[in-house]
Amino acid sequence: MAEKLVIKVTAGADAPERCSQAFTVAAVAAASGVDVSLWLTGESAWFALPGRAAEFELPHAAPLPDLIAGIQSGGRITLCTQCAARRGIKEEDVLDGVRIAGAQVFVSEIMPDGVQALVY
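For clarity, every value in this text was computed on a predicted model and none was experimentally measured.

## Quick notes on the side chain of Glu109
Residue placement: Glu109 occurs in helix 4 (residues 103–110). Excluding residues within four positions of it along the chain, Glu109 makes contact with Lys4, Val6, Ser37, Trp39, Arg99 and Val115.

Okay, structure coming up:
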C-alpha cells in the first residue's frame with residue numbers, strides 16, 4: 001500500500017466534477033491518515049486564493065473550503081509556480097499553508113517508492 005498520495009488537480013470551475021473529485025479524494029485520504037500532497041495546477045490554481053473556494057458550487061458535493069481544511073489538517077497543498085505566475089498570483093496572495101513550487105519539487109515527491117500519484 002502507498003505511504004504517500006500525491007494528487008495533481010488540473011481542473012477548476014471549468015470542470016467542476018473532476019475538480020471536486022480530486023479535492024474529495026485528497027481530503028478523505030488525509031482523514032484516513034494518509035500523507036497527502038495536493039498540487040493545484042491549471043484552473044485549480046485560483047483555489048489557492050482566499051475566498052475563491054467558497055465561490056465553487058457543485059450539487060451533492062462537499063464544500064470546497066471544508067475539503068481544503070481537511071487536506072491541510074493532514075497534508076500539504078502546493079500551487080504550481082508557472083500556473084501562479086500566469087495568473088499573477090504571488091506568495092503573499094495565497095491561503096496560509098499553501099506553498100508555491102515547481103516541477104522539480106513535484107517530481108521529487110512522486111518518484112520515491114511507496115508513493116501513489118493521481119492526476120485529475
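Moving on from the model shown.
## Considering helix 2 (residues 64–74)
If you check which residues of helix 2 are buried, you get Leu64, Leu67, Ile68 and Ile71. For helix 2, the angular spread of buried residues about the axis comes to 100 degrees, placing them on one side. Every exposed residue of helix 2 that faces more than 90 degrees away from the buried side is listed here: Asp66 and Ser73. Tucked inside the fold, the buried residues of helix 2 contact helix 1 (16–31), strand 2 (35–40) and strand 3 (75–80).

## Things to note about the sheet that holds strand 3
A sheet is described by the order of its strands in space; here five strands give the open sequence 4-3-2-1-5, paired in parallel fashion. Two strands bound the open sheet, and with one partner strand each, they are strand 4 (98–101) and strand 5 (115–119). The mean angle between the axes of side-by-side strands here comes to 25 degrees, regardless of whether they run parallel or antiparallel. Across the sheet, helix 2 is in contact with strand 2, strand 3 and strand 4; its angle to strand 3 comes to roughly 115 degrees. Along the sheet, helix 4 contacts strand 1 (4–9), strand 2, strand 4 and strand 5; its crossing angle with strand 1, the most-contacted strand, is approximately 145 degrees.

## Description of the packing of aromatic side chains
Under the criterion given, the structure shown has three aromatic pairs. Both rings, one in Trp39 and one in Phe106, keep their centres 5.3 Å apart while their planes meet at 85 degrees; by these two values the pair is edge-to-face. Taken together, the residues Trp39 in strand 2 and Phe106 in helix 4 connect sequence positions 67 residues apart. Their ring planes at 85 degrees and their centres at 5.6 Å tell us that Phe47 and Phe56 sit as a pair that is edge-to-face. Phe56 matches Phe47 in its accessibility class, with the two residues each being buried. Counting every residue linked through ring pairs, the aromatic cluster contains Phe23, Phe47 and Phe56. Lying over the aromatic face of Phe106, Lys8 brings its terminal NZ or CZ to 4.2 Å of the ring centre.

Rules used throughout
- Residues numbered from 1 in each chain as written.
- Predicted model: local features only at pLDDT ≥ 70, side-chain atom pairs only at ≥ 80, totals over all residues.
- Heavy atoms only, no water.
- Helix = DSSP H or I, 4+ residues; strand = E, 2+ residues; numbered from the N terminus.
- Contact = heavy atoms within 4.5 Å.
- Buried < 20%, exposed > 50% of the residue type's maximum accessible area, 1.4 Å probe, protein only.
- Arc of directions from axis to C-beta.
- Pairing = 2+ DSSP bridges.
- Axes fitted to C-alpha atoms, helices over the stretch in contact; angles between N-to-C directions.
- Phe/Tyr/Trp six-rings, centres within 6.5 Å; stacked < 30°, edge-to-face > 60°.
- Lys NZ or Arg CZ within 6 Å of the ring centre and 35° of its normal.

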